[in-house]
Amino acid sequence: MLWGSLSLFSKEPVMFKEFRDFALKGNVIDLAVGVIIGSAFTTIVNSLVDDIIMPPIGALLGGVDFKDFFWLIETGDPVGPYPTLAEANEAGAVTINYGMFVNHMVTFLIVALVLFLVVRSINRLKKQKKEQPAEPTTKDCRFCKTEIPLAATRCPHCTSQLEQE
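Just so it is clear, the structure is predicted and the values come from calculations on it, not from any experiment.

S.K.: Give a description of helix α6 (residues 98-131) that names residues and reports values.
M.R.: The end-to-end C-alpha separation of α6 is 49 Å, in line with the 50 Å expected for 34 residues at 1.5 Å each. If you check which residues of α6 are buried, you get Gly99, Asn103, Thr107 and Ile110.

And the structure:
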């Protein structure tokens, strides 16, 4: 008796049904797929930047790892100099990691470029689709000039007999 009188428990199946209906809508599933693909794409772009683009730039700058470019604000224990960012972090030093920032900016620019190209391609496809003329579904009655369906054999407005074309 107690369970049946509580309105919270009597509405549970309706809540779950509404949630299931919401979760199974096409938009939610499309969004989930987009997030998963975006995450995988981000991993690929990060690898492109970290493993392919930045090493040659680091070699041009004297053979250093670009991620190790940082400004030391406050030394840690033991007192530096710290040749790498990992050593500075291990010592508890306070740093501004401008090399990591540059890596992230290059990653962002690549992702933004790819997104721009995807959106541009989609817009072109939409424009081409709009430019294609649609098949006509109506014709004009030659007697009263009213628009009627192509398959009509008699005009519904003036009741004239129409020839099959």
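S.K.: Would you mind going over the packing of aromatic side chains in detail, with residue names and values included?
M.R.: Taken as a whole and judged by the stated rule, the model has two aromatic pairs. Consider the rings of Trp71 and Tyr98, whose centres lie 4.5 Å apart with planes at 35°: the pair is tilted. Taken together, the positions of Trp71 in strand β1 (residues 71-74) and Tyr98 in helix α6 put the pair 27 residues apart, joining distant regions of the chain. The exposed category is assigned to Trp71, whose relative accessible area is 52%. Judged by relative accessible area, Tyr98 falls into the partly exposed class, the value being 29%.

S.K.: With reference to specific residues and values, describe a nonpolar patch on the surface.
M.R.: A grouping of Phe101, Val102, Met105, Phe108 and Leu109 is seen on the molecular surface, where their side chains present a nonpolar patch of about 480 Å² in accessible area. Looking at the element boundaries, Met105 is found in helix α6. With a relative accessible area of 35%, Met105 lands in the partly exposed category.

S.K.: Provide a residue-level description of the state of the cysteines, including the pertinent values.
M.R.: Under the criterion given, the structure shown has zero disulfides. We note that Cys144 lacks a disulfide partner, and the nearest cysteine sulfur, in Cys155, lies 3.6 Å from it. By relative accessible area, which is 1% here, Cys155 ends up buried.

S.K.: Quick one: what's the story with the pattern of salt bridges, residue by residue and with numbers?
M.R.: Under the defined criterion, the tally for this structure stands at one salt bridge. Measuring nitrogen to oxygen at the nearest pair gives 3.7 Å for the salt bridge that ties Lys67 to Asp50. One end of the pair, Lys67, is in the loop between α4 (26-60) and β1; the other, Asp50, is in helix α4, with 17 residues separating them in the sequence. Taking the relative accessible area as the measure of exposure, Lys67 reaches 30% and is therefore partly exposed.

S.K.: Run through the environment of Gln128, naming residues and quoting values.
M.R.: Along the chain, Gln128 turns up in helix α6. In sequence terms Gln128 and Arg154 are 26 residues apart; their C-alpha atoms lie 36 Å from each other.

S.K.: Give me the lowdown on the side chain of Lys139, citing residues and values where you can.
M.R.: Relative to the helices and strands, Lys139 resides in strand β3 (residues 138-140). Within the local environment of Lys139, its side chain forms a polar contact with the backbone oxygen of Leu150, the two atoms lying 3.3 Å apart. Sequence-distant contacts of Lys139, that is, excluding residues within four places in its chain, are made with Thr146, Glu147, Ile148, Pro149, Leu150, Ala152, Leu162 and Glu163.

Calculation rules
Residues numbered from 1 in each chain as written. Predicted model: local features only at pLDDT ≥ 70, side-chain atom pairs only at ≥ 80, totals over all residues. Heavy atoms only, no water. Helix = DSSP H or I, 4+ residues; strand = E, 2+ residues; numbered from the N terminus. Expected span 1.5 Å × (residues − 1). Buried < 20%, exposed > 50% of the residue type's maximum accessible area, 1.4 Å probe, protein only. Phe/Tyr/Trp six-rings, centres within 6.5 Å; stacked < 30°, edge-to-face > 60°. Patch = residues over 30% accessible without salt bridge, like charges linked within 9 Å, V, L, I, M, F, W, Y side chains within 5 Å. Areas by Shrake-Rupley, 256 points an atom, 1.4 Å probe, with all protein chains shown as cover. Salt bridge = Lys/Arg side-chain N within 4 Å of Asp/Glu carboxyl O. Disulfide = S-S within 2.5 Å. Polar contact = N/O pair within 3.5 Å; in protein donor to acceptor, adjacent residues only side chain to side chain. Contact = heavy atoms within 4.5 Å.

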